[in-house]
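Architecture and fold: a report
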Amino acid sequence: MRYWLMKSEPSEYSIDDLARDGSVPWFGVRNYQARNFMRDQMRVGDGVLFYHSSCAEPGIAGLAEVATPAYPDATQFDPKAKYYDAKATVDSPRWFNVDVKIKKKTRLLPLSEIRGYPELANMRILARGNRLSITPVDPAEWRFILKTLGEKA
DNA sequence: GCCAACGTTGGC
DNA sequence: GCCAACGTTGGC
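Now for a look at the structure at hand. Not measured: the values here are computed from a predicted model.

1. Points about helix H4 (residues 139–148)
All buried positions along H4 are accounted for by Glu141, Trp142, Phe144, Ile145 and Leu146. Against the buried residues of H4 lie strand S1 (3–8), strand S3 (47–52), strand S4 (59–66) and strand S7 (99–110). Its side-chain oxygen 3.0 Å from the backbone nitrogen of Ala140, Asp138 forms the N-cap of H4. Where H4 terminates, the next one or two residues include Gly150, which has phi positive at roughly 75 degrees.

2. Section: the pattern of salt bridges
Summed over all chains, the structure comprises nine salt bridges. Ionic pairing is found between Arg20 and Asp21, a salt bridge with its closest N-O pair at 2.9 Å. Under the relative-accessibility criterion, Asp21 is labelled partly exposed at 37%. In this structure, Glu151 and Lys104 form a salt bridge, with 3.3 Å as the shortest nitrogen-oxygen distance. Note that Glu151 is positioned in the segment after H4 and Lys104 in strand S7, a separation of 47 residues in sequence. Salt bridges sharing common partners tie together Asp17, Arg20 and Asp21.

Criteria and thresholds
Residues numbered from 1 in each chain as written. Chains lettered and ligands numbered in written order. Predicted model: local features only at pLDDT ≥ 70, side-chain atom pairs only at ≥ 80, totals over all residues. Heavy atoms only, no water. Buried < 20%, exposed > 50% of the residue type's maximum accessible area, 1.4 Å probe, protein only. Helix = DSSP H or I, 4+ residues; strand = E, 2+ residues; numbered from the N terminus. Contact = heavy atoms within 4.5 Å. Polar contact = N/O pair within 3.5 Å; in protein donor to acceptor, adjacent residues only side chain to side chain. Salt bridge = Lys/Arg side-chain N within 4 Å of Asp/Glu carboxyl O.

These results come straight from atomic positions and should not be treated as a statement about function.
Listed below in structure tokens is the structure:
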């Protein structure tokens with residue numbers, strides 16, 4: 001069982017959208033490192049911190065879990081899609097995604113608050129210049145965050 | 001809107 | 001394979 005932090009811009013897709021939909025394909029990842037995390041390391045049931053980025057109040061907005069193994073991202077094959085990739089083919093897909101399923105919307109744990117906890121000082125999200133949209137989360141960090149949010153582990 | 005950081009692209 | 005140019009991310 002692993003743990004992950006996955007960023008989404010709430011203006012694109014927010015924790016409320018996920019709460020409404022139940023689960024969603026995490027399409028549109030076009031970074032190889034993030035793709036590899038989904039394709040090679042994620043397992044059904046892995047814990048996910050749903051993070052709101054590029055917004056007024058960036059931070060962790062809810063808890064989710066990996067709901068499916070990785071499979072080819074459908075948007076790469078669609079010439080009309082924003083995430084179309086001319087170099088990808090059905091026989092040789094380049095991009096993959098898992099489905100992510102809601103566990104619960106929590107209170108917002110703002111980035112500014114995350115920065116204040118020594119227990120979370122090593123999180124990738126705090127590293128300067130970090131742009132990866134999917135990052136691994138240490139089990140101890142996961143437990144600390146759940147405790148801080150008043151959630152059971 | 002600014003700008004630092006960093007991944008990707010493409011000419012050589 | 002190098003590396004400058006370019007585009008994107010994301011907090012502020």
